[in-house]
Amino acid sequence: MKESESGSEGERGIPYLFRCPISLDLLTDPVTLCTGQTYERSSIEKWLSVGTQTCPVTMQKLHDPSMVPNHTLRHLIHQWRLQSVSDSDSNYHHPLIASDSDRYPFISSLKHILQSHDSSLEDKLQTLETIQILSPSCHSCLIELGFFPLLLQLVFGAKQNLKLVEQALVCALKLLPHCSLRPLKDMFKEESVELDNFVAVFNQGTISIKKSLCEIVEAISSSLETRELCAMLGNNQRLLRGMVLLLYHRDNSGASESGIKAMSPFCSLEANRGNLVRQGVVDGLITYILWSGHERQNRNLGMAMAMLEVLLGLESAKQAVIDHPSGVNVLVKMVFRVSDDCHQSSESSVNSLMMLCCDSVQAREAAICAGVLTQLLLLLQSQCGGTTKTKARMLLKLLRSTHHV
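As recorded by an unreviewed UniProt entry, the protein chain carries the name U-box domain-containing protein and is attributed to Actinidia rufa. Note on the protein chain: under the UniProt heading Pathway (unreviewed entry), the record states "Protein modification; protein ubiquitination." Quoted verbatim from the Catalytic activity (unreviewed entry) field of the UniProt record, the comment on the protein chain reads "S-ubiquitinyl-[E2 ubiquitin-conjugating enzyme]-L-cysteine + [acceptor protein]-L-lysine = [E2 ubiquitin-conjugating enzyme]-L-cysteine + N(6)-ubiquitinyl-[acceptor protein]-L-lysine."

Given below as structure tokens:
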């Protein structure tokens, strides 16, 4: 029986993901090293037994020689072998990777499991885990067979289990860089059920789900193909409120940063800017900057400052900063910082203070009380850009003339 299976597999061709990099044979007892590479247990044991302490593929030194059984890959190979025997009985003689759905028997079977109402939640979760393993090398095949819109439907269709949604999003994000965003454009029409579900999943989902959806919003915002959809999302008050709330996550989850990157493109449209301010984004940004201002390296801090600068073109945003107990103080602290990314933040801070102080005596007084004069003088002695220095001098002149300093 074993010879028969070997013969069938040899004719059909073993997917390289299923081969041991050392023996090139089909993996039967796959184990993973600390480098992330997987080998047949007997092959890697022989390799290590002669005193070699490196990974055969990466040639990295093994700081931990232990081997972890790769049960997911073992299950995946088992499914493929069953499919191989079935297809052999049906006179199939083709490789796993081909050009249409009839020539992708194994991957097509994964699609069937996800589509079938008879599939259990456990089967679907296991299938999504399999797709995650396949996607780096088989993304073209998965896209060709329509997995991207199918995964979106799993996430945004009828009410789904959150664990299933989370795993489907992980798979969709692996395919996202390689495929057209047309399925997103077709799915999310104004007042559509899917758009309502997008918002519901975002607001009810885990932090991981929220971060994944933020990545999808980023992709939508960066493509000309989905510009109208970006404007539509930026007009959804419930979605914006959910994103704003991410700014208050003071932990290492990355939720705040995901929220900033997702909301930043919305500031390009004036209507969206007004919506963001109404949903409390100014308070959220001030809170984020207050918590993150001490970090030496934080690219998102500059993005948050730039967002605040753009929003201050609205009177409602100016008033929100003035009304916030730490609003003006935060901007003053950001004028001059000893950090690796201070230049963008300094420029945005000076511009923001200029917009506030030109129109508001209250803002000028608050800025001076917060030590803005000292901050501006320090900035002028630094190596910031010429444009920033020019604006700093203008702000210094305005504040000195107003208060006769």
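Next comes the rest of the account.
**Focus on the environment of Pro 15**
Residue placement: Pro 15 occurs in the loop between helix H1 (2-12) and strand E1 (30-32). Here Pro 15 falls in the buried class, since its relative accessible area comes to 13%. Sequence-wise, Pro 15 and Trp 80 are 65 residues apart; in three dimensions their C-alpha atoms are separated by 9.6 Å.

**Overview of the pattern of salt bridges**
Taken as a whole and judged by the stated rule, the model has 6 salt bridges. For Arg 41, the salt bridge is made with Asp 29, and the minimal N-O distance between the two is 2.8 Å. A residue pair is termed long-range when its members are at least 10 positions apart, and Arg 41 in helix H2 (residues 41-49) and Asp 29 in the loop between H1 and E1 qualify at 12 residues. A relative accessible area of 24% places Arg 41 in the partly exposed class. Each of Asp 29, Arg 41 and Arg 74 takes part in one network of salt bridges that share partners.

**Some words on the packing of helix H5 (residues 121-144) against helix H7 (residues 162-175)**
Across the interface, H5 lies against H7 with an axial gap of 9 Å and an inter-helix angle of 5°. As summarised for this structure, H5 and H7 are arranged roughly parallel, according to the angle between their axes. Packed against H5, whose contacting residues are Leu 121, Lys 124, Leu 125, Leu 128, Ile 131, Gln 132, Ser 135, His 139, Leu 142 and Ile 143, the element H7 presents Lys 163, Leu 164, Gln 167, Ala 168, Val 170, Cys 171, Lys 174 and Leu 175 at the interface. Class assignment for the residues of the contact of H5 with H7 results in 11 nonpolar, 4 polar and 3 charged.

**Thoughts on the packing of aromatic side chains**
One pass over the structure, following the stated rule, counts 3 aromatic pairs. Between Phe 156 and Phe 188, the ring centres sit 5.1 Å apart and the planes meet at 75°, which makes this aromatic pair edge-to-face. In this pair, Phe 156 is assigned in helix H6 (residues 147-156) and Phe 188 in the loop between helix H8 (182-187) and helix H9 (193-204), connecting sequence segments 32 residues apart. The same class applies to Phe 156 as to Phe 188, namely buried. Ring centres of Phe 188 and Phe 198 lie 5.4 Å apart, and the angle between their planes is 85°; on these two criteria the pair is classed as edge-to-face. Placement of the pair is Phe 188 in the loop between H8 and H9 and Phe 198 in helix H9, with a sequence separation of 10 residues.

**Let's talk about the side chain of Thr 38**
If you trace the backbone, Thr 38 turns up in strand E2 (residues 38-40). Among the polar contacts made by the side chain of Thr 38, one reaches the side chain of Thr 32 at a distance of 2.9 Å. One polar contact links Thr 38 to Asn 70, side chain to side chain, over a distance of 3.4 Å. In this view, Thr 38 contacts Pro 21, Leu 27, Pro 30, Val 31, Thr 32, Asn 70 and Leu 73; residues no more than four positions away in its chain are not counted.

**Here we look at the environment of Trp 291**
Among the secondary structure elements, Trp 291 is positioned in helix H15 (residues 281-292). Residues Trp 291 and Arg 250 lie 41 residues apart in sequence; the distance between their C-alpha atoms is 7.6 Å. Sequence-distant contacts of Trp 291, that is, excluding residues within four places in its chain, are made with Leu 247, Tyr 248, His 249 and Arg 250.

Parameters at a glance
Residues numbered from 1 in each chain as written. Predicted model: local features only at pLDDT ≥ 70, side-chain atom pairs only at ≥ 80, totals over all residues. Heavy atoms only, no water. UniProt positions renumbered as here; feature names shortened; annotations may be inferred. Helix = DSSP H or I, 4+ residues; strand = E, 2+ residues; numbered from the N terminus. Buried < 20%, exposed > 50% of the residue type's maximum accessible area, 1.4 Å probe, protein only. Salt bridge = Lys/Arg side-chain N within 4 Å of Asp/Glu carboxyl O. Axes fitted to C-alpha atoms, helices over the stretch in contact; angles between N-to-C directions. Parallel < 35°, antiparallel > 145°, perpendicular 65-115°, else oblique. Contact = heavy atoms within 4.5 Å. Nonpolar A, V, L, I, M, F, W, Y, C, P; charged D, E, K, R; others polar. Phe/Tyr/Trp six-rings, centres within 6.5 Å; stacked < 30°, edge-to-face > 60°. Polar contact = N/O pair within 3.5 Å; in protein donor to acceptor, adjacent residues only side chain to side chain.

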